Amino acid sequence: MPLYPLFADLRQRAVLVIGGGAVAARKVEGLLRAGAAVTVGAPALDAGLAALAAEGRIRHRAGRYVDEWLDDGGIRDGGSSAGRCWLVVVATDDATLNRRVAAAAERRRMFTNVVDDAELSSFHVPAVVDRAPLQIAISSGGAAPMLARLLRERLETVLDAALGPLAALAARFRTRIRARHPEPAARRRFYSSLFAGAVVDLLRKGQPALAEAALDAALRAPAAPAAGSVVLVGAGPGDPGLLTLKALRALNEADVILHDRLVGAGVLAVARRDATLVEVGKTGGAHSTAQDRIHALLLEHARAGRRVVRLKGGDPFVFGRGGEELEFLRARGIAYEVVPGITAALACAAYAGVPLTHRDHAQSVRFVTAHCRDSLDTLDWNALAQERQTLAVYMGVAGLDTLRERLLAHGRAAATPFALVENGSRESQRVVTGTLEQLPELANAHRVCTPALLIIGEVAALAGCLHWYGAPPLGGVPDLSLRHAA
Ligand code: SAH
């Protein structure tokens, strides 16, 4: 059951901590930092807690726990109303007692945390990355606290120390920023410029006064009208890990994302939560109406001043009609950028263990599409049938028998290995290997579906020994790999 994340305001609110040892002391420390009015119930306190009690920063309720502590235990809320506390933290090493307190608190509808016991706890305390006033809380729902802690360490190293001061500064300027940029998209842009620009730089250098002056100046500068733009982004083949850092940034800054169907859910999941996602058109086929609609949408959103990401599977310039979209935008004066992506041929080859070129087997590689009969007819088959080169065939599942027939007719050996990669780089990836002679039959036998990329050439046999991702290749492994491995 997923937990509901929540940040509680505990200032002046009574919290009861049961237990007087080192674990309790650690919990008390966090609660005091949040401004809670802490009472520690225990027969005795350790030195640290005793010191806090002596300073009047916590109250000590001496003695053995009784359920009455949860009711009116004389706990005073910010000095005023006596009565129940808001939260209970149980930090004793007596399992029976822990259980008893948890049950009694549950009956009273008080949220309880039993330290290191997810089962007994009705609230969990997350691992925290503190860039106050910014806090990042991490929870594994009690499933793997160690993992949450490791993640916290990681985040500690990647999150700029200037984030805290930046958040504090932004908080003080919040009303002015809001007044200056009433429109949420523009405000977002302003905040995102804060992360990148002079203000955060100055904070990093420990010059808060100059940072503040820079922010003030930025808010006084005349407003430039929001200019819309389009970033043509290659989403890669499906594994979100194959997105570039630039793609990630574009996805995070986008107001609107127009994406192909081929773009996987994992990739879309890293986009900004409040960006508008629009699935457009087919996966790259020649659907002119769909393409016109895409053009119209690009124009509409960019002219409205939005940051548009046009997200395409693989690379936008490899069988992706990216060129046509740019021509359209250029003719209408819309600013654009292109972020390349990992194209299917590169990704499928890598994830199937097929080096596209190899000193012993292939000196060149060609990217071709065999999308329809027409596209097959326009290809230079004499050139394609040459030995010691690799063909990466896009959109080829339908015309495999024609492809085999042409290649054989132009002299490619029947024993030439192939690797057909379905859903490359995704969890569902399958690789079928065999020889050119068996190509359509093997593809049929294994019911290979789109998207699939076909690699033909001597190197394809290496999938048999170099594969590393997912299941080993289906179908026969041609000789070459065996020779090579030997
Ligand atoms: N611009 C894309 C290609 C679009 S054409 C790119 O650079 O990858 C669509 C074809 O790409 C599909 O029919 C298939 O042949 C190939 N393709 C795209 N993603 C793929 C994937 N994850 N696995 C296998 N083939 C893929």
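Residues numbered from 1 in each chain as written. Predicted model: local features only at pLDDT ≥ 70, side-chain atom pairs only at ≥ 80, totals over all residues. Heavy atoms only, no water.

### Some details on the environment of S121
- Inspection of the secondary structure puts S121 in the loop between β5 (111-114) and β6 (127-131).
- On the accessibility criterion, S121 (12% relative accessible area) is buried.
- C-alpha separation for the pair S121 and V89, spaced 32 residues apart in sequence, amounts to 9.0 Å.
- Leave out the neighbours within four places in its chain, and S121 touches T112, N113 and V114.
- A distance of 2.8 Å separates the side chain of S121 from the backbone nitrogen of V114, its partner in a polar contact. (Helix = DSSP H or I, 4+ residues; strand = E, 2+ residues; numbered from the N terminus. Buried < 20%, exposed > 50% of the residue type's maximum accessible area, 1.4 Å probe, protein only. Contact = heavy atoms within 4.5 Å. Polar contact = N/O pair within 3.5 Å; in protein donor to acceptor, adjacent residues only side chain to side chain.)

### A few points about unusual backbone geometry
- Cis peptide bonds are those with omega within 30 degrees of zero, and the linkage from A132 to P133 qualifies with 5°.
- Along the chain, P133 turns up in the loop between β6 and β7 (134-138).
- The backbone of D116 shows a phi angle near 60°, a positive value even though the residue is not glycine.
- In this structure D116 comes out as exposed when scored by relative accessible area, which is 76%.
- Its identity as a non-glycine residue notwithstanding, S425 has a phi of 75°, on the positive side.
- Looking at where S425 falls in the secondary structure, it is placed in the loop between β15 (417-422) and β16 (430-435).
- In this structure S425 comes out as buried when scored by relative accessible area, which is 2%.

### Some details on the packing of aromatic side chains
- Counted by the stated rule, this structure contains 7 aromatic pairs.
- Ring geometry for F190 versus Y191: centroids 6.5 Å apart, planes at 75°, classification edge-to-face.
- With relative accessibility at 26%, the residue Y191 sits in the partly exposed group.
- Here the aromatic rings of Y351 and W468 are separated by 5.0 Å at their centres, their planes lie at 50°, and the arrangement is tilted. Here Y351, found in helix α14 (residues 344-352), pairs with W468, found in the loop between α19 (463-466) and α20 (479-485); they are 117 residues apart in sequence, far enough to count as distant.
- Y351 gets classed as buried once you look at its relative accessible area, which sits at 11%.
- Given the relative accessible area of 51%, W468 is considered exposed.
- When the ring centre of W86 is taken as origin, the NZ or CZ atom of R13, which lies over that ring, is 4.6 Å away.
- One residue, R332, lies across the ring of F328, its end atom 3.8 Å from the ring centre. (Phe/Tyr/Trp six-rings, centres within 6.5 Å; stacked < 30°, edge-to-face > 60°. Lys NZ or Arg CZ within 6 Å of the ring centre and 35° of its normal.)

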